[in-house]
Amino acid sequence: MKKTITVVAAIIENEKNEILCALRSPSMTLPNMWEFPGGKVENDEDLFTALKREIDEELQCQIEATAIFNNNTHEYETFTINLISIKAKIIRGTPVPNEHSTLIWLKRENLSSLKWAPADIPAVEQLIGEN
């Protein structure tokens, strides 16, 4: 039986209504694919605490997480991921790509131009549909 990992991802929108997209580095699993930044939920954490910690670690900025946006389970070859996307806004700092190759801000209608990690696609489609 495959291990299931619970992961939180931040849907961070700026004042120009652009969404923060992160490119996975060549050394990561699913290299050179786009995702929403975030990471694994630790055993003693709630979803919002985990997301705040992960964004602080990955992007060196603080966020306010507002609401669960999308909850998707995706089966990869060696594991299953329960990806919970949460709407958030930056309250302090500017995102810095510590673990990712690059970060970009994109309008919703341009999100489909990127090659997304499969687990992120349902949230991407939901964001595009919000227009």
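Residues numbered from 1 in each chain as written. Predicted model: local features only at pLDDT ≥ 70, side-chain atom pairs only at ≥ 80, totals over all residues. Heavy atoms only, no water.

Asks: How would you explain the nonpolar core if you had to name every residue and give the values?
Replies: Counting residues in hydrophobic clusters, the biggest one holds 24 residues, and the most contacted among them are I11, C21, F36, I81, L111, W116 and L127. Where this core is concerned, the elements lending two or more residues are strand 1 (3-12), strand 2 (18-23), strand 6 (79-92) and helix 2 (121-129). Of the residues forming this core, the biggest block, 4 residues, is contributed by strand 1. What I11 contacts, discounting residues up to four positions off in sequence, is I19, F36, F69, S85, I86, K87, A88, A123 and L127. Within the second largest apolar cluster, 17 residues are counted, among which are A50, I55, L59 and A65. (Core = buried A, V, L, I, M, F, W, Y, C linked by side-chain atoms within 4.5 Å. Buried < 20%, exposed > 50% of the residue type's maximum accessible area, 1.4 Å probe, protein only. Helix = DSSP H or I, 4+ residues; strand = E, 2+ residues; numbered from the N terminus. Contact = heavy atoms within 4.5 Å.)

Asks: Tell me about helix 1 (residues 47-59), residues and numbers included.
Replies: Taking 1.5 Å per residue as the helical rise, helix 1 with its 13 residues ought to reach 18 Å, and the 18 Å between its terminal C-alpha atoms agrees with that figure. Buried residues along helix 1 sit in contact with strand 1, strand 2, strand 4 (38-40), strand 5 (62-75), strand 6 and strand 7 (102-107). Looking at where helix 1 begins, the residue whose side-chain oxygen comes 2.9 Å from the main-chain nitrogen of F48 is D46. Count one or two residues on from helix 1 and you reach Q60, which has phi positive near 55°. (Expected span 1.5 Å × (residues − 1). Polar contact = N/O pair within 3.5 Å; in protein donor to acceptor, adjacent residues only side chain to side chain.)

Asks: Break down unusual backbone geometry for me, citing the residues and quoting the values.
Replies: With phi around 65°, N17 is a residue other than glycine that occupies positive phi space. Along the chain, N17 turns up in the loop between strand 1 and strand 2.

Asks: Account for the sheet that holds strand 3 (residues 34-35), with residues named and values stated.
Replies: Ordered by their spatial adjacency, 3 strands build an open sheet running 3-2-7, and the pairing between neighbours is antiparallel. Strands with a single pairing partner mark the edges of an open sheet, and in this sheet they are strand 3 and strand 7. Bridge count for strand 2 against strand 7 is 6 bridges, and the pairing is antiparallel. Each bridged residue has a counterpart across the sheet, and for A22 the counterpart in strand 7 is L103. (Pairing = 2+ DSSP bridges.)

Take it as geometry only, folks, not as evidence of what the structure does.
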